[in-house]
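The residues making up each chain are set out below.
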Amino acid sequence: IGELSKESAARSAAHLLDLAVMAVGGTRDAVETARGRGVRTVRFEAIKSDIRANAARADMSLDFIATRHNLSPQYLRSLFNRAGTPFTDFVLEERLDLARRMLADPLRPDLRISEIAFEVCFNDHSYFNRTCRRCVGMTPSDARAEARSGFAPR
């Protein structure tokens with residue numbers, strides 16, 4: 001068995017402490033904190049991390065992620081709805097964030113905006129522009145110009 005990363009070890013320790021608080025009892029605040037870091041929360045964070053890491057996959061879907069995490073699509077949808085962000089909105093935000101990072105990447109100044117759009121799974125350049133303007137508040141060209149002028153895109 002491999003070693004845990006520091007982050008995983010810290011999460012595991014916190015989870016064990018939470019289980020002890022729930023089993024033995026604790027202050028009302030401690031119990032509420034333990035509930036907030038429960039299995040559902042940990043699972044949801046792992047799912048969001050997986051989506052972030054794979055945002056550029058063309059096969060990203062509710063079914064794809066549900067299968068990867070051995071969950072039903074309905075349960076996965078309910079996790080996102082409880083958090084107040086539908087699954088598709090979360091994926092869209094992650095893809096736009098990836099596009100912003102690519103637009104600002106000084107190591108890839110020759111990458112065309114249409115290529116970035118395609119890499120983050122927008123097959124329609126016009127839709128990519130409209131979506132950026134609506135969600136980010138600027139066009140991809142504006143975001144790139146802002147990044148090149150020394151200001152990080154929003």
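Here the structure is a predicted model, which means the values were calculated and not measured.

## With respect to the environment of Thr41
- Positionally, Thr41 belongs in helix α3 (residues 39-53).
- For the pair Thr41 and Leu79, spaced 38 residues apart in the sequence, the C-alpha separation amounts to 8.9 Å.

## Regarding the nonpolar core
- Leu96, Met102, Ile116, Val120, Phe122 and Phe128 are the most contacted members of the largest nonpolar core, which totals 17 residues.
- Secondary structure elements with two or more residues in this core: α6 (87-104), α7 (113-119) and α8 (125-136).
- Among all residues touching Phe128, those that are not within four sequence positions of it are Leu96, Ala99, Ile113, Ile116, Ala117, Val120, Phe122 and Pro140.
- One finds Ile47, Leu76, Leu79 and Phe80 within the second-largest nonpolar core, a separate group that totals 15 residues.

## Some points on helix α5 (residues 73-83)
- Considered for burial, the residues of α5 that qualify are Leu76, Leu79 and Phe80. For α5, the buried positions fall inside an angular range of 90° around the axis, keeping them on one side. In α5, the exposed residues that point more than 90 degrees away from the buried face are Gln74 and Arg82.
- Looking at the residues trailing α5, positive phi occurs at Gly84, about 90°.

## Quick notes on the packing of aromatic side chains
- Per the stated rule, a full pass over the model turns up five aromatic pairs.
- Taking the centre distance of 5.4 Å and the plane angle of 85° together, the rings of Phe80 and Phe87 count as edge-to-face.
- Seen in terms of ring centroids, Phe122 and Tyr127 are 5.7 Å apart; in terms of plane orientation they differ by 40°. Their pairing is tilted.
- Taken together, the ring pairs in this structure connect Phe44, Phe80, Phe87 and Phe90 into an aromatic cluster.

## Topic: the packing of α6 against α8
- Orientation of α6 relative to α8, taken along the N-to-C sense of each, is 100°, at an axis distance of 11 Å. The orientation of α6 with respect to α8, classified from their angle, is roughly perpendicular. Side by side, α6 and α8 meet where Leu92, Leu96, Ala99 and Arg100 of the first sit next to Phe128, Thr131, Cys132, Arg134, Cys135 and Val136 of the second.
- Split into classes, the residues belonging to the contact of α6 with α8 amount to seven nonpolar, one polar and two charged.

## What to know about the pattern of salt bridges
- Throughout the structure, instances matching the rule amount to seven salt bridges.
- With its nearest N and O atoms 2.9 Å apart, the salt bridge here joins Asp50 to Arg68. On the criterion of sequence distance, the pair formed by Asp50 in helix α3 and Arg68 in helix α4 (residues 62-68) is long-range, its members being 18 residues apart.
- Across the pair Asp59 and Arg57 runs a salt bridge whose closest N-O atoms are separated by 2.8 Å.
- Accessibility expressed as a relative area gives 38% for Asp59, which makes it partly exposed.

## Description of unusual backbone geometry
- Phi at Asn70 takes a positive value of approximately 55°, unusual for a residue other than glycine.
- Positive phi, normally seen in glycine, also occurs at Cys121, with a value near 75°.
- Mapped onto the elements of the fold, Cys121 is located in the loop between α7 and α8.

What counts and what doesn't
- Residues numbered from 1 in each chain as written.
- Predicted model: local features only at pLDDT ≥ 70, side-chain atom pairs only at ≥ 80, totals over all residues.
- Heavy atoms only, no water.
- Helix = DSSP H or I, 4+ residues; strand = E, 2+ residues; numbered from the N terminus.
- Core = buried A, V, L, I, M, F, W, Y, C linked by side-chain atoms within 4.5 Å.
- Buried < 20%, exposed > 50% of the residue type's maximum accessible area, 1.4 Å probe, protein only.
- Contact = heavy atoms within 4.5 Å.
- Arc of directions from axis to C-beta.
- Phe/Tyr/Trp six-rings, centres within 6.5 Å; stacked < 30°, edge-to-face > 60°.
- Axes fitted to C-alpha atoms, helices over the stretch in contact; angles between N-to-C directions.
- Parallel < 35°, antiparallel > 145°, perpendicular 65-115°, else oblique.
- Nonpolar A, V, L, I, M, F, W, Y, C, P; charged D, E, K, R; others polar.
- Salt bridge = Lys/Arg side-chain N within 4 Å of Asp/Glu carboxyl O.

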